[in-house]
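Observations on the three-dimensional arrangement
Listed here are the chains, written in short residue letters.
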Amino acid sequence: MTNSSIGNNMAKRALVSGWFSFPYHHATAGDLLAAELACDWLEDAGFNFDLALDSPFTGGVNWQLVSAEDYSHVVFVCGPFEKTKAIEKFLKRFERSKIIGLNLTMTQPLEQWNPFDNLIERNSSPGSIKDVTRPDMTFLSTRPLVPVVGVCLVEPYGAKYEEQCYEAISRLTSTRELVVVPIDTRLDVVNNTSLCSPAEVESLLARMDAVITTRLHGTVLSLKNGVPVVALDPGGDSVKIKRLAQKIGWPCAFEGSNLSEPELGEALDFCLSPQGRLKAEECRRLAVDMAEDIYILFNNALLSSDALKSVRRQRACSGARSRIGIKIERVLPWRR
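Here the structure is a predicted model, which is why all the values come from computation and not from measurement.

On to the sheet that holds strand β3 (residues 73-81), then. Spatially, β2-β1-β3-β4-β5 is the arrangement adopted by the 5 strands of the open sheet, whose pairing is parallel. Edge strands, defined here as strands with exactly one partner in the open sheet, are β2 (48-51) and β5 (118-120). On average, each strand axis in the sheet is tilted by 20° relative to the strand beside it, whichever way the strands run. Sheet topology places strand β1 (residues 13-17) next to β2; 4 bridges connect them, and they run parallel. Across the sheet, the residue bridging to L15 is D50, located in β2. Across the sheet, helix α2 (residues 29-44) is in contact with β1, β2, β3 and β4 (98-106); its angle to β3 comes to roughly 155°. Contacting β1, β3 and β4, helix α3 (residues 85-93) crosses the sheet at an angle of about 165° to β3.

Right, let's get into the packing of helix α5 (residues 198-206) against helix α6 (residues 216-224). How two helices pack is summed up by the angle between their axes together with the distance between the axes. It is the contact of α5 with α6, at a shortest axis distance of 9 Å, that shows an interaxial angle of 65°. As for how α5 packs across α6, the hand of that crossing is right-handed. Only H217, L221, S222 and K224 of α6 make contact with α5, whose side of the interface consists of V201, E202 and L205. Split into classes, the residues belonging to the contact of α5 with α6 amount to 3 nonpolar, 2 polar and 2 charged.

Reading the values: rules and limits
- Residues numbered from 1 in each chain as written.
- Predicted model: local features only at pLDDT ≥ 70, side-chain atom pairs only at ≥ 80, totals over all residues.
- Heavy atoms only, no water.
- Pairing = 2+ DSSP bridges.
- Helix = DSSP H or I, 4+ residues; strand = E, 2+ residues; numbered from the N terminus.
- Axes fitted to C-alpha atoms, helices over the stretch in contact; angles between N-to-C directions.
- Contact = heavy atoms within 4.5 Å.
- Left-handed = near helix turned anticlockwise from the far one by under 90°.
- Nonpolar A, V, L, I, M, F, W, Y, C, P; charged D, E, K, R; others polar.

Right under this line is the structure:
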């Protein structure tokens, strides 16, 4: 077959490759975003293309099994690039194609080794005659971001429906693409999410797009910061989560005895919508107004001399001692 006939058969078809094309070869999110961008650019240029993928990625082609003659161009995109046995085998297989290096950091001086017909490097190696630094191409990536959802679970404590709640949350978070952030609120033991203070717990909850929780304070601290929450009540402690939500008008609270996957999915969709944010803010304001009554009741109790005398008599009879000025703190490992 002549070169001209090869060129006709391979007209404007490219193979997009990278470290994701080799099994478990340290491919990163940036590598895959750069590959998607390269595919977009090829499409803009009127090329057909295949994406070369290997384990654990699926959905593309295996570069070792395709016919090299099918590709007029091969693009190797993103990451550090150096001469290895795997790379030499790859380059040898596609030596009759035009090979383009895109967004690469070249680890060897180009005067010593540059296997590309065209190289658009991210960085040339230090000391090369051609000293190039460009911004990483993924600055141009426009892939939509996905919601960040906190999952704040109470530890098993014997509530009747806690297992049903855990299983329902696991199914719910697996039905869509989300960033799931575990958030543990316990501070009396080693915190499972490395949080060490109430401020750290609340700050993390406040930055979520939504929260899914089986904890009362997971519900409270989320809504307090205007973050919509899917609250599942496992059924212990007098159904306190469901009752709280009803009191302040929050609609996305469910009893563990009556969990419907479609309803939970609709609730999460609502929480991730602008309407969910508005409702969370409305409930926050209502809860604050109601909670201010607690302050008034507390002050009335302090200022009522008759009430204080009654409490003191009861304590004296039972031998109880009042404790004044107790400071509650957790001793952090690095502060001991």
